[in-house]
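So the chains spell out like this:
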Amino acid sequence: MKEIQQVISELKALPSKLHEKDFLLTWQQTPEELRRVLKTASAIRKMRAANIATNVFKNGLGVSVFRDNSTRTRFSFASAINMLGLAQQDLDEGKSQIAHGETVRETANMISFCADVIGIRDDMYLGAGNAYMREVGDALDDGFSQGVLPQRPAIINLQCDIDHPTQAMADLAWLQEHFGSLESLKGKKIAMTWAYSPSYGKPLSVPQAIIGLMTRFGMHVSLAHPEGYDLIPDVVETARKNATLSGGSFQHSHSMEEAFKGADIVYPKSWAPYHVMGKRTELLRANDHAGLKSLEQEALAQNAKHKDWHCTDAMMKLTKNAEALYMHCLPADITGVSCQEGEVADNVFEKYRIATYKEASWKPYIIAAMIMNRKFQNVGDVLEGLLQKANKRIV
Amino acid sequence: MKEIQQVISELKALPSKLHEKDFLLTWQQTPEELRRVLKTASAIRKMRAANIATNVFKNGLGVSVFRDNSTRTRFSFASAINMLGLAQQDLDEGKSQIAHGETVRETANMISFCADVIGIRDDMYLGAGNAYMREVGDALDDGFSQGVLPQRPAIINLQCDIDHPTQAMADLAWLQEHFGSLESLKGKKIAMTWAYSPSYGKPLSVPQAIIGLMTRFGMHVSLAHPEGYDLIPDVVETARKNATLSGGSFQHSHSMEEAFKGADIVYPKSWAPYHVMGKRTELLRANDHAGLKSLEQEALAQNAKHKDWHCTDAMMKLTKNAEALYMHCLPADITGVSCQEGEVADNVFEKYRIATYKEASWKPYIIAAMIMNRKFQNVGDVLEGLLQKANKRIV
Amino acid sequence: MKEIQQVISELKALPSKLHEKDFLLTWQQTPEELRRVLKTASAIRKMRAANIATNVFKNGLGVSVFRDNSTRTRFSFASAINMLGLAQQDLDEGKSQIAHGETVRETANMISFCADVIGIRDDMYLGAGNAYMREVGDALDDGFSQGVLPQRPAIINLQCDIDHPTQAMADLAWLQEHFGSLESLKGKKIAMTWAYSPSYGKPLSVPQAIIGLMTRFGMHVSLAHPEGYDLIPDVVETARKNATLSGGSFQHSHSMEEAFKGADIVYPKSWAPYHVMGKRTELLRANDHAGLKSLEQEALAQNAKHKDWHCTDAMMKLTKNAEALYMHCLPADITGVSCQEGEVADNVFEKYRIATYKEASWKPYIIAAMIMNRKFQNVGDVLEGLLQKANKRIV
């Protein structure tokens, strides 16, 4: 209990304007705001472990909008709103349709009369996902200010075309747990690298999220991918600036070996090249199935030239003391297990399997923490209230 | 708080047998019962706005049965049961199938062991939707009296072939809010008119619900549609009788202009002609796809002759001081926005957009009020209990 | 209240290790453990009837995994977790896919960070359903012991290829209610017989569950089916041993008449022969649609030779005083109602219709009782706590 009180006291000291804005991109938040979310997640997690109920709502809806298939994000979101006392309701718009204008404005209001949270995953269309979330946010602001909505639901970015803030923040929480503190990450090297996968069209949001966030805390971030597999240039530029400001560094190369060399942490993961994602978005909008098919063929053939981007024992030997922490957002393409040739060798993955599960386990708490910081200015007081009451989660 | 207590005191004075019967058609309820539902909705809404939790169930299910696609009704129902403390569970029977007899009787019982509410939307088949709800109700009565069910779930009509009571009651609550009181509606003119839409087969239940309910409160109700676009004759007859009894009037014409002239409120909305809906029901039952296709063609061609049934500025100029309140159950077919030519001009809609959102915002509270009045004879006492406890909805 | 206290006191006297193991097969539980589940179900049911809330969780998820269509099991599970305070979340894996190895291990953990219960129905594949549940259980044990999961979710077997423990236990609870006590079942004859149905491929789990459980309490269990319609031999052997141990008997014949003769209870129900289910599993795995189609033809033709396995008045006349209790897990194939020729004559079914509904009504309570016994060693104390607090379910 003292430990929980300690975390709450620390977060109360961190200034935050998160209650005034949706948390859509990590680089729009101050370092204090990011730390606050981490500490909130930590406090909620510790309370749950101590069998203290964290319900802050007696009723209310948490709406999920998934424009792509999802199991783990769906469960993380459902878990997060459930531990706060909200009930889940899914908005099923049909996956392939991009709604605009009046439809977005109207739907956003129609689902929100009793909603406290709206979680959105929209990562299919480059240039559209984050824009959609902001459009929904504007509609909610309008509805709230005009008296249509009795409350302004928090929007949670469950993955967009630009960032994947709940993933990256969960990853950061895991690194903090693994290495003991946020401060101990200073000076550590993390390799965010492309890796071969037999599928194509994986979003850019994970690598972008990682380089955009890990550069905030004085880490040495090394991004590596084959030529042509670029990320959104603006995000790379943001990462570079972040590194300078935080006293870390940012390297960008086309060599997996170089990135792995001496790394404390490695994050090998496949993604589609920026220009392929752009082309794909055009074709999806045009409903050009033949075009999509031929783009897929091309992209897969291109990928196949880079099967050597494979996280093997030999690669791991290059890392610090040959025992860097392996990370993945899951599911990984594991060679010989989930595919013939993939991102990671089965023995490497097996060694870190439980570590990746623990990495994932932070997501529900991060989402809950984001919601609490959006809904309550005085999160510390709210958490203290829960701690003092100490209602049991399980009788 | 005093304001809420006032509303509760008023509703306690209104005699009601709503706890003994399902609220399936507004014209089967007394004026006092209708007022009681409105006041209950108002009290719940005010409590929520004052951050007072309205949970009256610690657990229990609210089952939804949607035999047609639905987003806003689904969310309204989910919101209503959530604010009362129930969890939503959807019964997915397959959309096209009409269940009968043993299946209905058995299923009604099987889903109700722990259900306190069943919300049903069944508006596809003329002559079948309301009948289905009554069949479910009979099965529940039987199950309850035989000791199969420990409680009799409330049935909520979320739209049938005859009436759409949650919509019309929400509309009435909005009119009450907009004009200040139910009494102030006396003598006001409301135009319920057909309007052109590029789709066909829209149910009759909204216009029928409006003329069936608004004639209860001394309003002058003017129904207008092109020749051949009749509603169910019995419902029109009911509206006529209602008007006489309430001291209002009921006019029926084939001129949108005549209906709009001097109107305080206009409700222009497309629907399919009665005989088309009858024919469509036959074809649906017979699974005659070719027949349905050709009926659609015919009906659309017929509709296209009436594109002048369009709610434009010029039409609005005919209304009282050129500023009647525009209403719609949403989504509207907005010319140049959601379709090329539709029910309403975009500038007219935009002027009243927020008003239509506020109109819609009443639905969750109306549904919750219907549930409470079905489950509790002493709704006033229950609401007073909530008010006195004043548990916070959000900590 | 005294009656409830009495049941709780009785269950406290029954030794149980159910909190250490998942309840996957009834024959793996001791008689005391089975009685404990029955008494827990009875206590929960009585509390609900007395309007006492049975919420033991303030938050948490109950995950359902249905690998086959289901309405009543879905609602029973949803009801059970709801009455304990958990929220339902469905894992939709796609029906036809059999997940293995890494996928099962990973998914089991990913959905369980905040899950207290996982209910699984997997009855399509002979040799796979129960194995899958054990595989999930192993993954959960591992995740919990490694610190990935803060709690070990209970696995509830909602029907597998071998047993259907929630059905059989609900059936037993109903027999206990109907005949007054578990003790009064001693010496009663129950006929578990095959019956004709115009469909094929019905799982073996219900008849196996019945012979595996009812032989535990000194009943005379008579299994009858046409030649070739065998059940899994191991389960039949288990039933035979059970009967010996409990002081009852087990008969196995190919005559419906013989089984019905003098029976106190009859349970006529269709199932597919063991070897057909085995063949079907192979074909499903091989995705051999043509093979499946031809197997179905063969099996239906084979079934059609046994239309005389029909529960008619004449058959019922053979039973004890011509008034044995008819049981069915529902839905039954009722001749002239749900099919032309089926398992049971319509007048026989109608006579026992309400009885079968009451039989089904026990399932939510049995599931809730299984969950409680898995999650709490001291179920009696937990129930007493609820009884003493006596929070109202409905205000």
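Residues numbered from 1 in each chain as written. Chains lettered and ligands numbered in written order. Predicted model: local features only at pLDDT ≥ 70, side-chain atom pairs only at ≥ 80, totals over all residues.

Draft legend 1. Inspection of the relation of the copies chain A and chain B at higher detail. Each copy superposes on the other: chain A lies on chain B with an RMSD of 0.0 Å after a rotation of 120° and an axial shift of 0.0 Å. Such a turn and shift between the copies fits a three-fold axis. For chain A, the residue whose C-alpha comes nearest the rotation axis is Ala87(A), separated from it by 4.4 Å. In this assembly, only 5% of the residues forming the interface of chain A have copies in chain B that are likewise at the interface, indicating a heterologous arrangement. (Least-squares fit on C-alpha atoms with pLDDT ≥ 70 in both. Contact = placed C-beta atoms within 7 Å.)

Draft legend 2. Summary view of the pairing of strand 6 (residues 220-224) of chain A. Residue and element names in this part refer to chain A. Across the five residues of strand 6, five count as buried, placing the element largely inside the fold. Across the two faces of strand 6 the burial is the same, with His220, Ser222 and Ala224 and Val221 and Leu223 all buried. For the handedness criterion, the β-α-β arrangement of strand 5 (residues 189-193), helix 7 (residues 205-214) and strand 6 is classed as right-handed. Sheet topology note: the strand 6/strand 7 (residues 249-253) ladder contains five bridges and is parallel. Bridged to Leu223 within strand 7 is His252. Of the crossover connections in this fold, the one passing from strand 6 over helix 8 (residues 233-246) to the parallel strand 7 is right-handed. (Buried ≥ 20, exposed ≤ 12 C-beta atoms within 10 Å, placed from the backbone. Helix = DSSP H or I, 4+ residues; strand = E, 2+ residues; numbered from the N terminus. Right-handed = clockwise from strand over helix to strand, strands pointing away. Pairing = 2+ DSSP bridges.)

Draft legend 3. Spotlight on the interface of chain C and chain A. Contacts between the two partners involve 22 residues from chain C, matched on the other side by 29 residues from chain A. Mapped by element, the contributors of at least two residues to the side of chain C that touches chain A are strand 2 (87-91), helix 4 (101-110) and helix 15 (379-389) of chain C. Per-element tally for the side of chain C that touches chain A: the top contributor is helix 4 of chain C, with five residues. Of the residues contributing to the side of chain C that touches chain A, the split by class is twelve nonpolar, seven polar and three charged. (Nonpolar A, V, L, I, M, F, W, Y, C, P; charged D, E, K, R; others polar.)

Draft legend 4. Main features of the interface of chain A and chain B. Chain A puts 22 residues into the contact, and the matching count from chain B is 29 residues. When residues in the side of chain A that touches chain B are grouped by element, the largest group, five residues, is from helix 4 (residues 101-110) of chain A. Taken together, the residues of the side of chain A that touches chain B break down into twelve nonpolar, seven polar and three charged.

Draft legend 5. Inspection of the sheet that holds strand 3 (residues 115-122) of chain A at higher detail. Residue and element names in this part refer to chain A. On the basis of which strands lie adjacent, the open sheet formed by four strands has the order 2-1-3-4 and parallel pairing. Every other strand in the sheet has two partners, leaving strand 2 (87-91) and strand 4 (154-160) as the edge strands with one partner each. On average, each strand axis in the sheet is tilted by 20° relative to the strand beside it, whichever way the strands run. One ladder, built from five bridges, connects strand 1 (residues 61-66) with strand 2; its direction is parallel. If you follow Gly62 over to strand 2, its bridge partner there is Gln88. In the packing of helix 14 (residues 363-375) onto the sheet, contacts are made with strand 3 and strand 4, and the angle to strand 4 comes to roughly 145°. (Axes fitted to C-alpha atoms, helices over the stretch in contact; angles between N-to-C directions.)

Draft legend 6. Quick look at the sheet that holds strand 8 (residues 265-268) of chain A. Residue and element names in this part refer to chain A. Here five strands make up an open sheet; going across it, the order is 7-6-5-8-9 and the pairing parallel. The two strands at the open ends of the sheet, each matched to only one other strand, are strand 7 and strand 9 (325-326). Helix 8 contacts strand 6 and strand 7 of the sheet and is inclined by roughly 145° relative to strand 7.

Draft legend 7. The domain arrangement of chain A, seen in detail. Residue and element names in this part refer to chain A. Each assigned domain of chain A is listed here: domain 1 (2-163 + 363-389) and domain 2 (167-360). For domain 1 versus domain 2, the distance between C-alpha centres works out to 26 Å. Between domain 1 and domain 2, the contact holds 21 residues from the first and 24 residues from the second. Looking at the side of domain 1 that touches domain 2 element by element, the count peaks at six residues for helix 2 (residues 31-49). Residue composition of the side of domain 1 that touches domain 2, by class: twelve nonpolar, three polar and six charged. (Domains from an automatic or database assignment.)

Draft legend 8. Broad picture of unusual backbone geometry. In this structure, Pro331(A) follows Leu330(A) across a cis peptide bond, with omega equal to -5°. Considering the arrangement of structural elements, one finds Pro331(A) in the loop between strand 9 and helix 13 (346-361). Phi is positive for Gln159(B), which is not a glycine, with a value near 130°. The phi torsion at Asn321(B) lies on the positive side, around 50°, for a residue other than glycine. Within the secondary structure, Asn321(B) is located in the loop between helix 12 (313-317) and strand 9 (325-326). Residue classification places Asn321(B) among the exposed residues on the basis of 8 C-beta atoms within 10 Å.

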